[in-house]
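Close look at the chain arrangement
This is what each chain is made of:
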Amino acid sequence: MSDQHEPVPFLDLAGVNGALRAEFERAYSEVLGHGRFINGPEVGRFEAEYAEYCQARAAVGVGNGTDALELILAGLGIGPGDEVIVPANTFIATAEAVLYVGARPRFVDVLPDTLLLDPDAADAAVNKNTAAIIGVHLFGQMVDTDRLLEVTRKHSLAFIEDAAQAHGARFAGQRAGSVGVAAGFSFYPGKNLGALGDGGAVVTQDAELAAKIRRLADHGRSADSRFHHDLRGRNSRLDSVQAAALSLKLPGLDQGNAGRVRAWEQYVNELPPTVRPVTRHPKAEAVYHVAVVEVDERDKVCTALDEAGIGWGLHYKTPCHLDSAYSEFKESLPVAEAAADRILSLPMSPTLTERQVSRVCEVLRSVTA
Ligand SMILES: *Cc1c(COP(=O)(O)O)cnc(C)c1O
């Protein structure tokens, strides 16, 4: 096959998981053997490993990343009457979590260079009902936690991290998940650390909050007696098979992230000037969950990528405050709105090769010249 026409998938999930196939099968067979599909020993083991990886006290495995955020809010007692600041440019799940505990999302604008939550806009949006700010570490880059912590301290708000796209990322040397009151991680298969199905975790330095969230996620079961429920909880648990798979994948996370960084740096060097990569804050060590650039004639570019067999995505086509289910929150957030028409996510995988990145850049050069 000529490398001129090599297709480039948006994310090579088979490549990511294929190398561990035999180990996954052994782990599944072990769980099948002991039969503790829920709350098996694999779960506690992964929780301890992941907390340590994140430089945090505790991790609580939950059903998915959206539940992780919802359970953090519930664990902090945030609900009806409260407002929670979220960026307009994020996956819709960030806002869903706020609505599901009965609070109101307050959408704020993002910075034009990183497209991450603007700390000054967050500061300006605080009112007497504000209970928390969710800083979303979007695209694999952590928000400016120095500035956001100043804002949350000034107003006595909780700083919650949405770290669903940032496993292993750092800001000023500190890992995602170690900075806020708590962080929500997703292990959706396509995330930097992905399970073989849905999964998520709450990561926190606060052991008491972790214990409460663990109980909330397990029907509010009493810590002293499994036959009593002294909290009104729900069901959201990481299962043993997913935990086992995550333990097998965690040791390869840093290497996978390094592959993403290499690919991103090559994009930055080889992209034509008409394709502008989002910027990295000097203190941020990003893990490039997705490779986001801005282009002017996006439809034309996407058609050319389709014709060349190159995968692409949009993160995100519609800012949350303009999405149809969220019309009551409609307002003007100009940076996020302008970016939504220009952003484009290029192929990104831990296994993306130099040749594949060159091929993508070549097609982009030919279409935007
Ligand atoms: C994936 C994602 C979530 C939700 O995670 P799920 O596991 O899919 O529920 C939340 N926030 C962001 C920014 C995400 O990318």
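Residues numbered from 1 in each chain as written. Predicted model: local features only at pLDDT ≥ 70, side-chain atom pairs only at ≥ 80, totals over all residues. Heavy atoms only, no water.

1. Some words on the overall build of the protein
The number of helices and strands found in the protein is 13 helices and 13 strands. Relative to its length of 369 residues, the protein is compact, with a C-alpha radius of gyration of 21 Å against a globular reference of 21 Å. Projected onto the principal axes, the alpha-carbon positions of the protein cover approximately 65 × 55 × 35 Å. For the protein, with 369 residues in total, the buried portion stands at 56%. A separation of at least 24 residues holds for 69% of the contacts in the protein among residues at least 6 apart in sequence. Surface summary for the protein: the accessible area is close to 15800 Å², and the carbon and sulfur share equals 50%. Distance between charge centres in the protein, computed from 36 positive and 49 negative side chains, equals 3 Å. (Helix = DSSP H or I, 4+ residues; strand = E, 2+ residues; numbered from the N terminus. Rg over C-alpha atoms; globule rule 2.2 N^0.38 Å. Buried < 20%, exposed > 50% of the residue type's maximum accessible area, 1.4 Å probe, protein only. Contact = heavy atoms within 4.5 Å. Areas by Shrake-Rupley, 256 points an atom, 1.4 Å probe, with all protein chains shown as cover. Lys, Arg positive; Asp, Glu negative; His and termini not counted. Charge placed at Lys NZ, Arg CZ, Asp CG, Glu CD.)

2. Topic: the environment of G81
Within the secondary structure layout, G81 lies in the loop between α4 (65–75) and β2 (83–87). Setting aside its immediate chain neighbours within four residues, G81 contacts G102 and N129.

3. Some points on the sheet that holds strand β13 (residues 343–346)
Read across the open sheet, the 3 strands follow the order β10-β12-β13; overall the sheet is antiparallel. A strand with exactly one partner marks an edge of an open sheet, and here the two such strands are β10 (276–277) and β13. Sheet topology places strand β12 (residues 291–294) next to β13; 4 bridges connect them, and they run antiparallel. Bridge pairing in β13 links V292 to S345. (Pairing = 2+ DSSP bridges.)

4. Some remarks on the pairing of strand β3 (residues 104–108)
Examined bridge by bridge, β2 and β3 share 5 bridges and lie parallel to one another. When the sheet's bridge partners are listed, P87 is paired in β3 with V108. Read from β2 through helix α5 (residues 93–100) to β3, the crossover connection turns out right-handed. (Right-handed = clockwise from strand over helix to strand, strands pointing away.)

5. A short note on the domain arrangement of the protein
Partitioning the protein into structural domains gives domain 1 (16–251) and domain 2 (252–368). Put simply, the middle of domain 1 and the middle of domain 2, counted by C-alpha atoms, are 24 Å apart. Taken residue by residue, the interface counts 45 residues in domain 1 and 36 residues in domain 2. Taking both partners together, domain 1 and domain 2 bury about 3400 Å²; carbon and sulfur atoms supply 59% of that area. Our enumeration of links across domain 1 and domain 2 arrives at 4 salt bridges. (Domains from an automatic or database assignment. Buried area = accessible area lost by both parts, 1.4 Å probe. Salt bridge = Lys/Arg side-chain N within 4 Å of Asp/Glu carboxyl O.)

6. Describing the pattern of salt bridges
Summed over the entire model, instances satisfying the criterion amount to 19 salt bridges. Here D254 and R175 are joined by a salt bridge, their closest N and O atoms 3.5 Å apart. Remark: R175 occurs in strand β7 (residues 174–175) and D254 occurs in helix α10 (residues 253–270); sequence separation between them is 79 residues. Residue D254 is classed as partly exposed on the basis of its relative accessible area, which comes to 42%. Overall, the relative accessible area of 8% leaves R175 in the buried class. The salt bridge partner of R359 is E362, with a shortest N-O separation of 2.8 Å. Of this pair, R359 and E362 both sit in helix α13 (residues 354–368), 3 residues apart, roughly one helical turn. A relative accessible area of 10% means that R359 is categorised as buried. Owing to a relative accessible area of 31%, E362 belongs among the partly exposed residues under this scheme. The network of salt bridges with shared partners includes D67, E70 and R234.

7. Examining the state of the cysteines
This structure, assessed with the given rule, holds 0 disulfides. Lacking any disulfide linkage, C302 is separated from the closest cysteine sulfur, that of C361, by 15 Å. (Disulfide = S-S within 2.5 Å.)

8. A short note on empty space enclosed by the protein
Scanning the model with the defined rule gives 2 cavities of 30 Å³ or more in all. Here the largest cavity defines a volume of roughly 80 Å³. Around the largest cavity, the lining comprises 13 residues; the ones closest to its centre are F139, Q141, V278, T279 and Y288. Residues lining the lining of the largest cavity come from more than one domain, with at least three contributed by each of domain 1 (16–251) and domain 2 (252–368). Roughly 50 Å³ of internal volume is contained in the second largest cavity. What lines the second largest cavity is N89, L115, H315, Y316, P319, A336, A339, A340 and I343. In terms of residues, the lining of the second largest cavity owes the most to one element, helix α12 (residues 334–340), which gives 3 residues. Among the residues forming the lining of the second largest cavity, the class breakdown is 7 nonpolar, 2 polar and no charged. (1 Å grid on protein atoms, 1.4 Å probe; cavity = no way out; pocket = protein on both sides within 12 Å on 5 of 7 lines; lining within 4 Å. Points joined across faces, edges and corners; volume = space filled by probe spheres on them. Nonpolar A, V, L, I, M, F, W, Y, C, P; charged D, E, K, R; others polar.)

9. Quick notes on the site of the ligand
Close contacts around the ligand come from 13 residues, with G65, T66, Q165, S186 and K191 the closest. In this structure, an oxygen atom belonging to the ligand sits 2.5 Å away from a side-chain N or O atom of T66. At 2.8 Å from an oxygen atom of the ligand is found a side-chain nitrogen or oxygen belonging to Q165. Alone, the ligand offers 380 Å² of accessible surface; in the complex the protein occludes 92% of this. Among the elements of the structure, α4 and α5 are those that each provide at least two residues to the shell around the ligand. For the shell around the ligand, the class distribution of residues is 4 nonpolar, 7 polar and 2 charged. (Near = heavy atom within 4 Å. Polar contact = N/O pair within 3.5 Å; in protein donor to acceptor, adjacent residues only side chain to side chain.)

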